Structure formats: structure tokens, C-alpha cells
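Coordinate inspection notes
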Amino acid sequence: MPHNEENAASGGVFRVPDNGGRSRILKIFRPPASPTTGPQAAATAWPTSAAPDHFNYWRREVEAYESGFAHSAFRDAGIRAPSLHSLDTRADGSIELWLEDVVGPSGFEVPTQRLGRFAHELGVGQARWAGRVPSSAELPWLSRGWLAQYLRHGPHATVDISDADWDDPAVRAWPAETRHSLRRLWESRSQALDAATACARTLCHLDLWPANLIEDSSGTSVLIDWAFVGEGAVGEDPANLIVDSVTDGLIDMASLPELAEAITDGYVKGLAEGGWAGSADETRAAIAACAVAKYSWLGAQVVASAANDRKGGTDPGRDDATFEAMERSKPLAQQLAQWSDAVLR
């Protein structure tokens with residue numbers, strides 16, 4: 001099945017039919033010291049580690065399912081994880097996790113209002129964890145400071161961009177003020193991270209995008225892929241859901257304003273219903289801070305790529321294609337710029 005093949009901890013994800021005509025999901029996790037991952041682990045964009053405090057600790061999802069934590073974390077708010085069927089250790093030390101194959105539409109296939117409902121459930125669930133995330137002594141495998149580690153060691157730690165790229169003819173589909181804001185964001189990314197880190201803390205999934213959300217046959221929200229679960233900011237998960245909903249092209253970029261409004265409003269109301277004492281304005285500011293911190297690199301990367309495409313191309317239609325791609329992504333660029341201006345003012 002589709003998965004992040006660059007993640008050194010992953011040995012694959014498979015749908016395996018059984019004799020009764022049903023199926024289960026098999027996820028394989030590889031330890032850093034195994035022969036198949038040792039030499040490559042340092043070179044991958046998603047390095048893994050045997051240290052529980054590492055952002056990509058190889059056993060974190062195994063621990064989340066084996067302990068029952070994934071299934072119970074937000075269960076009272078209406079969000080569950082797939083059921084665990086079995087867990088087996090192979091001779092090479094890798095682990096087989098056998099899970100329920102949840103049947104139903106993914107987050108890419110449901111209406112915007114359904115994503116808003118999920119955000120409401122998430123808000124209720126995270127309100128109950130606000131200020132009371134289990135400590136390292138209680139659950140040592142929960143991630144802590146995940147966002148800072150991801151930005152430092154993950155796939156977008158560096159972007160090769162020059163000052164001239166921001167005004168290259170290929171990127172002028174984005175208004176000058178948008179490019180200015182995103183340039184300032186890239187250059188002030190440590191300040192953006194500080195703003196996100198200063199937000200109130202709660203329990204977060206930390207890989208929340210539509211592909212990891214399924215609505216089962218009963219209408220219940222099922223959240224999959226718990227490899228990063230841990231302490232994070234109020235607003236961090238909905239921020240990720242808003243941005244990642246449109247980055248793969250499976251949801252029309254033009255729907256971003258409606259999507260952002262539905263998810264934000266649902267989350268704000270859910271937090272209040274769950275008993276969180278923060279204000280709606282504080283929640284909206286947290287979503288903005290987390291979004292620009294997590295995606296501080298995105299505008300710079302798109303601009304650099306577009307500028308390099310123009311410089312290196314000889315196809316006369318290439319500039320038009322680059323301009324069209326920049327035009328399609330403009331709603332996201334403008335949303336990030338708007339959030340950035342509010343955070344970095």
C-alpha cells in the first residue's frame with residue numbers, strides 16, 4: 001500500500017486477504033540496527049532511531065497500539081484507532097503489526113463539513129489532554145519537541161534558494177506582497193518556531209492529514225499512523241490538516257478558504273466544549289503559529305524550484321507550465337503569508 005518509502009523505520013505496509021474474504025493491514029517496522037536499515041538510515045530524509053525521544057523513534061507506533069493508547073487517546077471524543085489483531089517480532093528484530101483494515105472513505109473523499117466535524121471531535125479530545133500530557137516517566141515513548149526536531153532533521157531542513165529567486169519572472173504569479181511575506185517567514189523561521197513552541201501544550205497525533213483519516217461504516221472517525229504521537233501545541237494538528245489537505249492535489253486548492261474555515265471553527269468549538277480555558281482568538285493564533293512554523297520552508301521551496309526550472313529549461317512551453325503551477329498554488333501561498341504576517345508582526 002502507499003506509504004512513505006523514505007522513512008527508514010518502515011519495512012512496508014500491506015493489505016493481506018484472509019481465507020474468509022476479509023483482509024488485515026500489515027505494517028512492518030525495522031530497527032535502526034538491522035542489516036537493511038543500518039547503512040541507509042543516516043542518508044534518508046527520514047532517519048530513524050532507537051531513542052524514544054527521537055522524532056522518528058522506530059517503535060513509537062508499536063508502543064501506541066500495544067499499550068492501547070492509540071485506541072483510547074481520543075475515544076471519548078469520537079475518534080478511535082484501528083483495532084490491533086496481533087504483534088509479532090521477526091528473527092531480524094523487525095516487528096509485524098497486524099491491524100484492522102478499516103473500510104470507508106478517507107479524508108480526501110468526505111465533504112468539507114465532515115472534516116469540520118472531525119476537527120470538532122479533535123478539539124474535544126485535545127481539550128482533555130491540555131496541560132496533562134503523560135510525562136516521560138509515565139510514557140517514555142511519546143514524542144516531545146517533535147516539531148523542532150522535524151524542522152532540524154527532517155526532509156525540509158534546508159532549501160537551496162538565492163535572494164534573486166524571490167523576484168524571478170517564473171514566480172510572479174504570486175503577488176509581490178505574498179512573496180515578501182514568505183521570504184520573511186523563511187528568514188525568520190526560528191522566530192516562527194518559538195511562537196509555536198510557546199502555545200499551550202496538549203496531546204497531538206502530529207501526522208494529521210486526510211490520508212490518515214477514515215470514516216468507518218458506523219460514521220466513526222478512525223485515525224491511523226500513530227508513529228509521531230506525543231506532546232505538541234494546541235492548534236498543531238488542525239494546522240497540519242488544513243495545509244496538507246491541498247498540498248498533494250487531491251483536494252482542489254481553490255477550496256482552501258472554505259476548508260480552513262470549517263476546520264478552524266470546528267476545532268475552536270470542540271476545544272470550548274471539551275473544557276479548554278483558552279479563548280477562540282488564542283486558538284486561531286495557535287493554528288496560525290503552528291502552520292507557519294511547520295511550513296516555513298514551503299514558500300521558499302516552491303519559489304526556488306520554479307526559478308531553477310526556468311533557468312534550466314529550453315522548452316518554450318516550460319515557463320507557461322511553471323507559471324500555471326504557481327498560479328494554482330497561490331491560495332495556499334496567500335494563506336501562509338496571511339498567517340505569517342499575523343505571527344511575525
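Residues numbered from 1 in each chain as written. Predicted model: local features only at pLDDT ≥ 70, side-chain atom pairs only at ≥ 80, totals over all residues. Heavy atoms only, no water.

Time to look at the overall build of the protein. Helices and strands together make up the secondary structure of the protein, namely 13 helices and nine strands. A compact globule built from 345 residues would reach a C-alpha radius of gyration of about 20 Å, and the protein, at 20 Å, matches this within 12%. Principal axes of the C-alpha set define a box for the protein whose edges measure 55 × 50 × 40 Å. Residues counted as buried form 53% of the 345 residues belonging to the protein. Long-range pairs, those at least 24 residues apart, make up 72% of the contacts in the protein between residues at least 6 apart in sequence. When the accessible area of the protein is evaluated, it comes to approximately 15,200 Å², of which 50% is carbon and sulfur surface. In the protein, 31 positive and 47 negative side-chain charges are present, and the distance between their average locations comes to 2 Å. (Helix = DSSP H or I, 4+ residues; strand = E, 2+ residues; numbered from the N terminus. Rg over C-alpha atoms; globule rule 2.2 N^0.38 Å. Buried < 20%, exposed > 50% of the residue type's maximum accessible area, 1.4 Å probe, protein only. Contact = heavy atoms within 4.5 Å. Areas by Shrake-Rupley, 256 points an atom, 1.4 Å probe, with all protein chains shown as cover. Lys, Arg positive; Asp, Glu negative; His and termini not counted. Charge placed at Lys NZ, Arg CZ, Asp CG, Glu CD.)

In this structure the tally under the stated criterion is 18 salt bridges. The residue Arg-201 makes a salt bridge to Glu-231 at a minimum N-O spacing of 2.5 Å. Highlighted residues: Arg-201 in strand β6 (residues 201–204) and Glu-231 in strand β9 (residues 230–233), separated in sequence by 30 residues. When salt bridges with common partners are traced through the structure, they connect Lys-27, Glu-61 and Asp-225 into a single cluster. (Salt bridge = Lys/Arg side-chain N within 4 Å of Asp/Glu carboxyl O.)

In this sheet, strand β2 (residues 23–29) lies alongside strand β1 (residues 10–17) in antiparallel orientation, the contact comprising seven bridges. Across the sheet, Val-13 pairs through a bridge with Lys-27, a residue of β2. (Pairing = 2+ DSSP bridges.)

For the rest of this paragraph, the subject is the sheet that holds strand β7 (residues 213–215). Paired through their backbone hydrogen bonds, the strands of a sheet run either parallel or antiparallel. One open sheet accounts for three strands, arranged β3-β8-β7; its pairing is mixed. A single partner strand is all that each edge strand has here, and the edge strands are β3 (79–80) and β7. Its contacts with the sheet put helix α4 (residues 112–127) on β3, β7 and β8 (221–223), and the angle it makes with β8 is roughly 70 degrees. (Axes fitted to C-alpha atoms, helices over the stretch in contact; angles between N-to-C directions.)

The next point concerns helix α13 (residues 330–343). In this model, α13 (14 residues) spans 20 Å end to end at C-alpha, consistent with the 20 Å of a helix rising 1.5 Å per residue. Every buried residue belonging to α13 is among Lys-330, Leu-332, Ala-333, Gln-335, Leu-336, Ala-337, Trp-339, Ser-340 and Val-343, and all of these are buried. (Expected span 1.5 Å × (residues − 1).)

Here α4 contains 16 residues, and its C-alpha end-to-end distance of 23 Å stays within 8% of the 22 Å for a straight helix at 1.5 Å per residue. Among the 16 residues of α4, 13 are classified as buried, and the element is accordingly described as predominantly covered.

What follows is about the confidence of the model for the protein. This prediction gives the protein a mean pLDDT of 93; 94% of its residues lie at or above 70. Under a pLDDT of 50 for its full length, residues 34–43 has, in the predicted model, nine contacts with residues more than four places off or in other chains. (pLDDT = per-residue confidence, 0-100.)

Relative to the helices and strands, Gly-12 is located in strand β1. With relative accessibility at 5%, the residue Gly-12 sits in the buried group. Remark: the alpha-carbon pair of Gly-12 and Arg-114, spanning 102 residues in sequence, is separated by 30 Å. Non-local contacts of Gly-12, meaning those with residues more than four positions away in its chain, are made with His-3, Leu-26, Lys-27 and Ile-28.

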